[in-house]
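Letter by letter, the chains look like this.
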Amino acid sequence: MMKVAFSILIILALGVFYLVWLNDQYWRDTIPTEFKLGSTLHSNSDLQGIREACGVHVYELEESTLDKIKAEGIGFLNTAKQARGHSDYYYSYGEWKNTPRKDWKRPENWVYELMCASMPPKLQGIIIDSGKNPGSFYSRGQEKALMVIPNHKIIVLTHRG
């Protein structure tokens, strides 16, 4: 009986790890392939991909991507307009723009998703400060936004759907 219970616990644990991995892959696939991604630093949707929700996902950018951004700037970024693994318009992004924006007086001026999905205050502060200061870039798509923050070697995906 103990072997059966232990086996069930192992199977359940593996299932949970698989679902977490699958959720991470889903959100990675909404980022253009031009961005080589490293580790997942933060991933939180209010319903974790079960149905439409809002969320924030933060990934490390690999050095090769950061080198291209430093060398080519917004020209390189403007080649990154279609999510990997998706060809339809819903998963496309618009023109990339430089920060800061003068209307970013409050966090919700960038994207309200920073406020609806739980995230560490330090990381949230980095994102908000990067939006208010020069040196970062952003683009919007349907129900989502991307922000590249080269100084912190990260890309931020926010969504509301």
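As the structure is a prediction and not an experimental result, all values here were calculated from the model.

**Examining the pairing of strand β4 (residues 137-141)**
Consecutive side chains along a regular strand alternate between the two faces of the sheet.
Consideration 1: Judged by how many residues are buried, β4 sits mostly within the fold: four of five residues are covered.
Consideration 2: Two strands pair when backbone bridges link them, and strand β3 (residues 97-98) and β4 are joined in this way by two bridges, in the antiparallel orientation. In the strand pairing of β4, Lys 97 is matched with Tyr 138.
Consideration 3: Linkage of β4 to strand β5 (residues 144-149), two consecutive antiparallel strands, is achieved through a turn of two residues, within which Glu 143 is found at a positive phi near 60°.

**What about the nonpolar core?**
Consideration 1: Core analysis: the biggest nonpolar cluster contains 18 residues, and Ile 31, Phe 35, Leu 61, Leu 77, Trp 96, Val 148 and Ile 155 have the highest contact counts within it.
Consideration 2: For this core, the secondary-structure elements that each account for two or more residues are β2 (54-61), α2 (63-72), α3 (74-77), β5 and β6 (154-160).

**Some words on the sheet that holds β3**
Consideration 1: The strand order across the open sheet built from six strands is β1-β2-β6-β5-β4-β3, with neighbouring strands paired in antiparallel fashion. Edge positions in the sheet fall to β1 (37-45) and β3, since each has one partner strand and no second.
Consideration 2: One ladder, built from five bridges, connects β4 with β5; its direction is antiparallel. For Gly 141, the partnering residue across the bridge sits in β5 and is Lys 144.
Consideration 3: α2 contacts β2, β4 and β5 of the sheet and is inclined by roughly 90° relative to β2.
Consideration 4: Lying over the sheet, helix α5 (residues 121-132) contacts β1, β2, β5 and β6, oriented at roughly 85° with respect to β5.

**Brief notes about the pattern of salt bridges**
Where charged atoms from two side chains of opposite charge approach closely, those side chains can pair.
Consideration 1: For the structure shown, the criterion picks out one salt bridge.
Consideration 2: Residues Glu 63 and Lys 153 are paired through a salt bridge, measuring 3.2 Å at the closest nitrogen-oxygen approach. Here Glu 63, found in helix α2, pairs with Lys 153, found in the loop between β5 and β6; they are 90 residues apart in sequence, far enough to count as distant.

Reading the values: rules and limits
Residues numbered from 1 in each chain as written. Predicted model: local features only at pLDDT ≥ 70, side-chain atom pairs only at ≥ 80, totals over all residues. Heavy atoms only, no water. Buried < 20%, exposed > 50% of the residue type's maximum accessible area, 1.4 Å probe, protein only. Helix = DSSP H or I, 4+ residues; strand = E, 2+ residues; numbered from the N terminus. Pairing = 2+ DSSP bridges. Core = buried A, V, L, I, M, F, W, Y, C linked by side-chain atoms within 4.5 Å. Contact = heavy atoms within 4.5 Å. Axes fitted to C-alpha atoms, helices over the stretch in contact; angles between N-to-C directions. Salt bridge = Lys/Arg side-chain N within 4 Å of Asp/Glu carboxyl O.

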